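Residues per chain, in single letters:
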Amino acid sequence: MFPGMGGIGGRGMNPAKMKQMMKQMGIDVKELKDVQEVVIKTADSNIIIENANVSIMTVQGSETYQIVGDAKEVPKELEIPAEDIKLVMEQTGVSEDEARKALQDSNGDLAEAIVALSSA
């Protein structure tokens, strides 16, 4: 892609020359310092990247992030609001623990939790 970069004879391009060429093409690369971790949140889980090295490459105004590190995936816990638990308890007469479990089993669906407890 770049003349002189190849591994012919084991030679590589001088890093300063490479940086100069990238700058001429409108490419800027910088390293984020002191990154402790990067968290990517998805619908089902969080991907946590520890000991992360993060580079930002800017090309024609668009930024691209490159992340290198130790990644692990952690499933998300379903968060049940206290108001939902209280409503299920009021509607069905069950304990707080039973209401919470029914909401977890129904993936937080109030109506489904109430119907399940009412028909039990």
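Criteria and cut-off values
- Residues numbered from 1 in each chain as written.
- Predicted model: local features only at pLDDT ≥ 70, side-chain atom pairs only at ≥ 80, totals over all residues.
- Heavy atoms only, no water.
- UniProt positions renumbered as here; feature names shortened; annotations may be inferred.
- Helix = DSSP H or I, 4+ residues; strand = E, 2+ residues; numbered from the N terminus.
- Rg over C-alpha atoms; globule rule 2.2 N^0.38 Å.
- Buried < 20%, exposed > 50% of the residue type's maximum accessible area, 1.4 Å probe, protein only.
- Domains from an automatic or database assignment.

- Identification of the chain as Nascent polypeptide-associated complex protein from Methanosarcina flavescens is taken from an unreviewed UniProt entry.
- Per UniProt, the comment on the chain under Function (unreviewed entry) is "Contacts the emerging nascent chain on the ribosome."
- Quoted verbatim from the Sequence similarities (unreviewed entry) field of UniProt, the annotation for the chain is "Belongs to the NAC-alpha family."

Section: the overall build of the chain
Moving on, step 1. Counting its secondary structure elements, the chain contains four helices and four strands.
Moving on, step 2. Listing each helix as α and each strand as β along the chain from the N terminus yields α-β-β-β-β-α-α-α.
Moving on, step 3. Relative to the globule expectation of 14 Å for 120 residues, the C-alpha radius of gyration of the chain, 26 Å, shows a markedly less compact shape.
Moving on, step 4. Relative to its 120 residues, the chain shows a buried fraction of 21%.

A closer look at the domain arrangement of the chain
Moving on, step 1. For the chain, the domain assignment lists domain 1 (15-75) and domain 2 (82-119).
Moving on, step 2. Each of domain 1 and domain 2 has a C-alpha centre, and the two are 43 Å apart.

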